[in-house]
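Each chain, written out:
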Amino acid sequence: MTDTVAAAPGIVVVGTVLQAPTPDALDVRRDVAVVVDTTGRITAIHPASSPEAAQAVAAAARVVRLGTDERLLPGLVDLHVHAPQWPQLGTGLDLPLERWLFEYTFPLEARYADAGFATSVWDHMVPALLAHGTTTAVYFVSIHEDATVALAEACVRHGQRGYVGRVAMDHPDGTPEWYRDVSAEAGVASSARSVDLVRSLRSPLVQPVITPRFVPACTDDLLTGLGELAAATGALVQTHCSESDWQHGEVLHRFGRRDADVLHGFGLLRPGTVLAHGNHLDAGDFALLVATEAGVAHCPLSNSYFANAVFPVARALADGVRIGLGSDVAGGSQPGLLPQCQHAVTVSRMLDDGVDARIDATRRGVRGSRVDVAAALHLATAGGANVLGADVGVIAPGCWFDAIVVQLGRPGSPLRRWDDLDDEVRIAEKIVRLATPADIAQVWVAGHLVAGTTT
Ligand code: GUN
Ligand code: FE
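Just so you know, these numbers come straight off a predicted model, no measurement behind them.

## Overview of the coordination of the iron ion (ligand 2)
Coordination of the iron ion (ligand 2) by the protein is provided by His-80 (NE2), His-82 (NE2), His-240 (NE2) and Asp-328 (OD), with metal-donor distances spanning 2.0 to 2.4 Å. Coordination geometry of the iron ion (ligand 2): the 4 donor atoms subtend angles of 84 to 178° at the metal centre, consistent with an arrangement described as irregular. In primary sequence terms, the donor set of the iron ion (ligand 2) follows H-x1-H-x157-H-x87-D. Taken as a pair, His-80 in strand E6 (residues 76–82) and His-240 in strand E11 (residues 236–241) lie far apart in primary sequence, 160 residues in all. Just as His-80 is buried, His-240 falls in that class too.

## Here's the deal with the pattern of salt bridges
Here the idea is simple: oppositely charged side chains can pair when their charged atoms come close. Counted under the stated rule, the structure contains 25 salt bridges. One salt bridge in this structure joins Arg-417 and Asp-69, with 2.7 Å as the shortest N-O distance. You can see Arg-417 sitting in the loop between strand E15 (403–407) and helix H15 (424–434) and its partner Asp-69 sitting in the loop between strand E4 (62–65) and strand E5 (70–74), a full 348 residues away along the chain. On the basis of relative accessibility, which here comes to 25%, the residue Arg-417 falls in the partly exposed class. Glu-145 is paired through a salt bridge with Arg-193; the nearest N and O atoms lie 2.8 Å apart. Of the two residues, Glu-145 is situated in helix H4 (residues 145–158) and Arg-193 in helix H5 (residues 184–200); the sequence distance between them amounts to 48 residues.

## Let's talk about unusual backbone geometry
Here the residue pair Val-329 and Ala-330 is connected by a cis peptide bond, since its omega of 10° sits within 30 degrees of zero. Phi is positive for Asp-31, which is not a glycine, with a value near 50°. Relative to the helices and strands, Asp-31 resides in strand E2 (residues 25–37). Owing to a relative accessible area of 49%, Asp-31 belongs among the partly exposed residues under this scheme. Positive phi, close to 50°, is recorded for Ala-446, a residue that is not glycine. Among the secondary structure elements, Ala-446 is positioned in the loop between strand E16 (440–445) and strand E17 (448–452).

## Comments concerning the packing of aromatic side chains
Across all of its chains, the model carries 9 aromatic pairs by this definition. When the centroid spacing of 5.2 Å and the interplanar angle of 70° are considered together, the rings of Phe-102 and Phe-106 count as edge-to-face. A residue pair is termed a helical-turn pair when its members lie 3 or 4 positions apart in one helix, as Phe-102 and Phe-106 do in helix H2 (residues 97–110) at 4 residues. When its relative accessible area of 33% is taken as the criterion, Phe-102 is described as partly exposed. Note on Phe-214 and Trp-246: the rings are 5.9 Å apart at their centroids and 55° apart in plane angle, and the pair reads as tilted. Of this pair, Phe-214 sits in the loop between strand E10 (206–212) and helix H6 (220–233) while Trp-246 sits in helix H7 (residues 245–255), placing them 32 residues apart in sequence. The class of Phe-214 is buried, set by a relative accessible area of 3%.

## Quick notes on the site of ligand 1
In the region of ligand 1, the neighbouring residues are His-82, Gln-85, Leu-97, Trp-100, Leu-101, Arg-213, Phe-214, His-240, Glu-243, His-277, Phe-306 and Asp-328. A distance of 3.5 Å separates a nitrogen atom of ligand 1 from a polar atom in the side chain of His-277. At 2.8 Å from a nitrogen atom of ligand 1 is found a side-chain nitrogen or oxygen belonging to Asp-328. When isolated, ligand 1 has an accessible area of 280 Å², and the protein chains bury 100% of it.

## Remarks on H2
At 3.6 residues per turn, the α-helix brings residues three or four places apart onto the same side. A maximum bend of about 35° is found in H2 at Tyr-104, where proline Pro-107 lies one to four positions downstream. When H2 is considered as a whole, its buried residues turn out to be Leu-97, Trp-100, Leu-101, Thr-105, Phe-106, Leu-108 and Glu-109. Looking at the buried residues of H2, the elements they touch are E6, H7 and helix H10 (300–306).

## A look at the environment of Gly-75
In this fold, Gly-75 is placed in the loop between E5 and E6. With 317 residues separating them along the chain, Gly-75 and Val-392 place their C-alpha atoms 7.8 Å apart. If sequence neighbours within four positions are ignored, Gly-75 has contacts with Gly-133, Thr-135, Ala-380, Thr-381, Asp-402, Ala-403 and Ile-404.

## Considering the environment of Ala-294
Mapped onto the fold, Ala-294 is located in the loop between helix H9 (283–292) and strand E13 (295–298). Sequence separation between Ala-294 and Val-387 is 93 residues, and the spatial gap between their C-alpha atoms is 7.0 Å. In contact with Ala-294, not counting residues within four places along its chain, are Leu-269, Arg-270, Thr-273, Leu-289 and Arg-322.

## Things to note about the side chain of Arg-213
With respect to the helices and strands, the residue Arg-213 is situated in the loop between E10 and H6. Polar side-chain contacts of Arg-213 include one of 2.8 Å to the side chain of Glu-109.

## A short note on the state of the cysteines
Across all of its chains, the model carries 0 disulfides by this definition. Cys-241 takes part in no disulfide bond, and the closest cysteine sulfur, belonging to Cys-299, lies 12 Å away. Overall, Cys-241 belongs to the buried group, its relative accessible area being 0%.

## Here's the deal with the nonpolar core
Trp-122, Met-125, Tyr-139, Leu-151, Leu-289, Leu-388 and Ile-431 are the most contacted members of the largest nonpolar core, which totals 111 residues. Excluding its chain neighbours within four sequence positions, the residues that come into contact with Leu-151 are Ala-83, Trp-122, Met-125, Val-126, Tyr-139, Val-141 and Val-164. By size, the runner-up hydrophobic cluster in this structure holds 16 residues, among which are Ile-11, Val-32, Val-405 and Trp-444.

## A word on the pairing of E16
For E16, the tally of buried residues reaches 5 of 6 residues, placing the bulk of the element in the interior. Relative to E16, E15 runs antiparallel, the two sharing 4 bridges. Bridge pairing in E16 places Ala-403 opposite Trp-444. Direction of pairing for E16 relative to E17: antiparallel, over a ladder of 4 bridges. Following the sheet pairing, Val-443 is matched in E17 by Ala-451.

About the cut-offs
- Residues numbered from 1 in each chain as written.
- Chains lettered and ligands numbered in written order.
- Predicted model: local features only at pLDDT ≥ 70, side-chain atom pairs only at ≥ 80, totals over all residues.
- Heavy atoms only, no water.
- Donors = N, O, S within 2.8 Å, 3.2 Å for Na, K, Ca; no water.
- Tetrahedral: all angles 85-135°; square planar, octahedral: opposite > 155°, others 65-115°.
- Helix = DSSP H or I, 4+ residues; strand = E, 2+ residues; numbered from the N terminus.
- Buried < 20%, exposed > 50% of the residue type's maximum accessible area, 1.4 Å probe, protein only.
- Salt bridge = Lys/Arg side-chain N within 4 Å of Asp/Glu carboxyl O.
- Phe/Tyr/Trp six-rings, centres within 6.5 Å; stacked < 30°, edge-to-face > 60°.
- Near = heavy atom within 4 Å.
- Polar contact = N/O pair within 3.5 Å; in protein donor to acceptor, adjacent residues only side chain to side chain.
- Areas by Shrake-Rupley, 256 points an atom, 1.4 Å probe, with all protein chains shown as cover.
- Bend = angle between axes of the 7 residues up to and from the residue.
- Contact = heavy atoms within 4.5 Å.
- Disulfide = S-S within 2.5 Å.
- Core = buried A, V, L, I, M, F, W, Y, C linked by side-chain atoms within 4.5 Å.
- Pairing = 2+ DSSP bridges.

Take a look at the structure:
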């Protein structure tokens, strides 16, 4: 007798797995049986033709057999989504960050004082992101506790894994008086309540995140209180760091120290801390992130608008920094992470080559900056999971069954496998560059089908 009993097999998915557990290569396992227990965790992966697979199939409550033109991938882990900015997705990117915040974004976020409005947005956004393959999302909400808890409830209702953070911001210069915490103490107390409220939902799908918006929007007292709250509660932390020339310069001017160092001084760099953007981080900052086990949400499309620089993802990976991808809805104008994978590859090529043809090619770019599709897919899945310390992002025993099924060959779709031309590496490239929600046939979170259908 052992004192632990393996949970009964719930689902077996039979098909071909395509994933990127490491940044340097794709991992393809053809014709395997992925065994998922009734709790939603993967217990084993067997060759489909093995006796173990036959046994698991016979015992399973549900068997899903994928077609030869379907691929099973880990679900996408979006490390940076501004939930209340969903209604302005695709608009308003004509201003620099510091004006975009005051003129477009803070007025919209202020509307989430109305919890009914908030819920109507969440019930549109969460299913839409699931349909794009986002099985885990790390959310900035607004300063409102009710809207924050309503988003956590929406994640539970729709079956998305959600890291949900009430935004704290109180600085009289960095925020408008009509959209800020009334004091540092009030901001810390409200963030503390939001941590308790999200935890009180008692769902394994959702957890709270302590969320100082960024240093320019927060007083020293607020940052101090939130660092103490993180230590006291053990909740994860997220913020923006060294995003643009303006943001990085503001912090340097105020403290005479670099942004990452300032956050560290307030106790905000901790294991699992998500620093959005990080475009102006240097090698010393990277070493600090490695030492504190904080990570970066690389948001390549948003960065093209706001950052004034390209995040050196190849260099940061080489330095051992934990990195995932973020859509940065709505500073990034597209939902989901497959587009961000493509943008990560594209902007890395621009950094590598340089962009101004008047400069000699030998001096134009930063050689060694390129990343490929496999690395990008890694960031969107295992990389993001690694930042959070979450058991997702790979299809492997012990991990949650958070996965997507991509269908090739849908009528009218350019996402198609050509016999004798396309090997699995090309199929992965095509999925990353061409798949749309219409090509994502199923989305699974913790063993539950949360979007799409099985045949
Ligand atoms: N810095 C502070 N707030 C924001 C935000 O909402 N979006 C982005 N991209 N950067 C920020
Ligand atoms: Fe952001």
